[in-house]
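Structural description and commentary
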Amino acid sequence: MIEWSVLLAWIVKATVIYLGLVNVGALMTLAERKFSAWMQYRIGPNRVGPFGLLQPLADGVKFIFKEELMPAGANKMLFRFAPVIAALPSMMTIAVIPFTTKDVVLGGWNIGTFSIVNLDIGVLYILALGGLSVYGLIIGGWASNSKYSLLGGLRASAQMISYELTLILTILAVVVMAGSLDLQQIALSQNKVTDWNIWYQPLAFLMFVVATFAETNRHPFDFAECEPELVAGFHTEYSSMKFALFFIGEYSAMTVMACLTTTLFLGGPSVPFLEDPHWALQIAAFLAKAGFFLFLFIWVRWTLPRFRFDQLMALGWKVFLPLALLNLLATGVVKSLV
Amino acid sequence: MLTGYAPILVLLALAIGFALVNLFVSELMGRRRINVGKADPYECGMEAQGSARIRLSIHFYLIAVLFILFDVESVFLILWAVSAGDLKAAGLAPLVLAEIVAFVAVLGLALAYVWRKGGLEWDR
């Protein structure tokens, strides 16, 4: 039988982290518009609340009251649930991200390390669930009975499975370094700033970051949406809250990817030059590092032009896949023999 | 043992609840005045021509098959990656490493073959 305090700790941690994830997603929609405005010498949304901070809330309310359209000939069941299938896996992957490596103590109540669950196969969990999100996009694209949607869904699936290989192989280089699939152990193995994997795996780090852009369908690889060619890609026919759910899924995926980059390469919750930091400081350090990668998503989007689809596939299969394999083998050779 | 996975169920309940509530609230609250024009799939304002259930480029299929090949490879590599350090301690590292290098080389050959055959060229 499970003790009540343990059960309560699960619920508290899951609720806090989940609400955090959803709210970061909401704030990202605002941040995206604000930063794009500043980069283009505009002001951006500033009417709703101070500095436009309540804009995401206003958007959400508006989404709820919008008319929902379903194209004639659409597969009704798949069309309705594709946004849920797209949003769920990326929201579920936040479960294994370790926000602290130390136990969080609230007024004498120890709720364990600040992650929803601490799996010894955390990396596999993320890869397995992250791979599922492609279903939402292709089901949504196919069920719409629209040619733009179909093409967008196909492109999304081709691009996501191609870059998943790079993602897996670069993560494996880190796994070899740490000797564990447990994200907690991977974070612990980089406790000192000199032990961060970014110094030992710079190539894997670069490829991983680029692959996260392709994996989340972000600029400069957003061929699944690609306004000038495909109108809006796989969500052309979606409106109202179903449309919003696709974006909640996309921003959740970006947040998890930023957290994963932090955990794998930047020591996760480790604080530079502090051997034994307080757990609150660890959370702050983690959020600061992950926040930088979230900003990077926006920064790149408003800086680089879009590639072509064949360039994307060539980069993935002809450059990144062989390089990632060689990098993994080199890491293995050094780890096994030296 | 499996109670270690139980917190995931808490998160799953939260996530499914959030998604379904959003889905049904907007279906209930949104206005609903469908007409023929609105129900037509979007094709830049023109009437939709034919069905969208069309034949697809073989390239997408090829990419999917290649993905399966290399995905299975990476599954095997995961086992080795986790235990690389332990194998060294057990003195088995050079033997296993040689096998892994041979394994990756075989798949490298497969990649080279597909490349040579033009399977990775997207614009043909």
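None of these values were measured; they are calculated from a predicted model.

Before going further, it helps to spend a moment on helix H4 (residues 122-143) of chain A. A rise of 1.5 Å per residue sets the reference length of H4 of chain A, with its 22 residues, at 32 Å; its end C-alpha atoms lie 33 Å apart and thus fit the reference within 8%. Remark: asparagine 145 of chain A follows H4 of chain A within two positions and exhibits a positive phi of approximately 60°.

This part covers the packing of helix H12 (residues 309-337) of chain A against helix H4 (residues 93-116) of chain B. At a closest axis distance of 10 Å, the pairing of H12 of chain A and H4 of chain B adopts a crossing angle of 170°. Viewed along their axes, H12 of chain A and H4 of chain B adopt a mutual orientation that is roughly antiparallel. Seen from H12 of chain A, the contacting residues are Trp317, Lys318, Leu321, Pro322, Leu325, Leu329, Gly332, Val333, Ser336 and Leu337 of chain A; seen from H4 of chain B, they are Ala93, Pro94, Leu97, Ile100, Val101, Val104, Leu111 and Trp115 of chain B. Residue classes in the contact of H12 of chain A with H4 of chain B are distributed as 15 nonpolar, 2 polar and 1 charged.

Before going further, it helps to examine the domain arrangement of chain B. Structurally, chain B comprises domain 1 (2-39) and domain 2 (58-116). Distance from the C-alpha centre of domain 1 of chain B to the C-alpha centre of domain 2 of chain B: 40 Å.

On to a nonpolar patch on the surface. Together, Met39, Phe292, Trp299 and Trp302 of chain A make up an exposed nonpolar region whose accessible area comes to about 390 Å². What makes phenylalanine 292 of chain A partly exposed here is its relative accessible area of 42%.

So, on to the pairing of strand S1 (residues 103-106) of chain A. All names here are of chain A. When S1 meets strand S2 (residues 109-113), the two strands line up antiparallel, connected through 3 bridges. Considered in S2, the bridge of valine 105 is made with asparagine 110. Joining the antiparallel neighbours S1 and S2 is a turn of 2 residues, in which glycine 107 adopts a positive phi near 55°.

Our focus in this paragraph is the interface of chain A and chain B. Every contact between the two is made by 80 residues of chain A and, on the other side, 69 residues of chain B. On the chain A side of the contact with chain B, Lys147, Trp317 and Lys318 of chain A bury the most area, a combined 11% of that side's loss. The interface formed by chain A and chain B includes 1 salt bridge. In this structure, the salt-bridge partner of glutamate 121 of chain B is lysine 318 of chain A, at a minimum N-O distance of 2.8 Å. Of all the elements in the fold, those that place two or more residues in the side of chain A that touches chain B are helix H1 (4-39), helix H2 (55-64), helix H3 (76-92), H4, helix H5 (147-178), helix H10 (240-265) and H12 of chain A.

Residues and elements named next belong to chain A. We note that phenylalanine 51 has phi near 55°; this positive angle belongs to a residue other than glycine. You can see phenylalanine 51 is positioned in the loop between H1 and H2. Take phenylalanine 51: its relative accessible area is 68%, and that puts it in the exposed class. In this model, asparagine 217 sits at a positive phi of 55°, which is unusual for a non-glycine residue. Residue position: asparagine 217 is located in the loop between helix H8 (202-215) and helix H9 (227-230).

Residues and elements named next belong to chain A. Here the structure, examined in full by the defined rule, presents 21 aromatic pairs over all chains. Through successive ring pairs, a cluster of aromatic residues spans Phe205, Phe208, Phe265, Phe292 and Phe293. Positioned above the aromatic ring of phenylalanine 309, the side-chain terminus of arginine 155 is 5.3 Å from the ring centre.

Reading the values: the criteria
Residues numbered from 1 in each chain as written. Chains lettered and ligands numbered in written order. Predicted model: local features only at pLDDT ≥ 70, side-chain atom pairs only at ≥ 80, totals over all residues. Heavy atoms only, no water. Helix = DSSP H or I, 4+ residues; strand = E, 2+ residues; numbered from the N terminus. Expected span 1.5 Å × (residues − 1). Axes fitted to C-alpha atoms, helices over the stretch in contact; angles between N-to-C directions. Parallel < 35°, antiparallel > 145°, perpendicular 65-115°, else oblique. Contact = heavy atoms within 4.5 Å. Nonpolar A, V, L, I, M, F, W, Y, C, P; charged D, E, K, R; others polar. Domains from an automatic or database assignment. Patch = residues over 30% accessible without salt bridge, like charges linked within 9 Å, V, L, I, M, F, W, Y side chains within 5 Å. Areas by Shrake-Rupley, 256 points an atom, 1.4 Å probe, with all protein chains shown as cover. Salt bridge = Lys/Arg side-chain N within 4 Å of Asp/Glu carboxyl O. Buried < 20%, exposed > 50% of the residue type's maximum accessible area, 1.4 Å probe, protein only. Pairing = 2+ DSSP bridges. Buried area = accessible area lost by both parts, 1.4 Å probe. Phe/Tyr/Trp six-rings, centres within 6.5 Å; stacked < 30°, edge-to-face > 60°. Lys NZ or Arg CZ within 6 Å of the ring centre and 35° of its normal.

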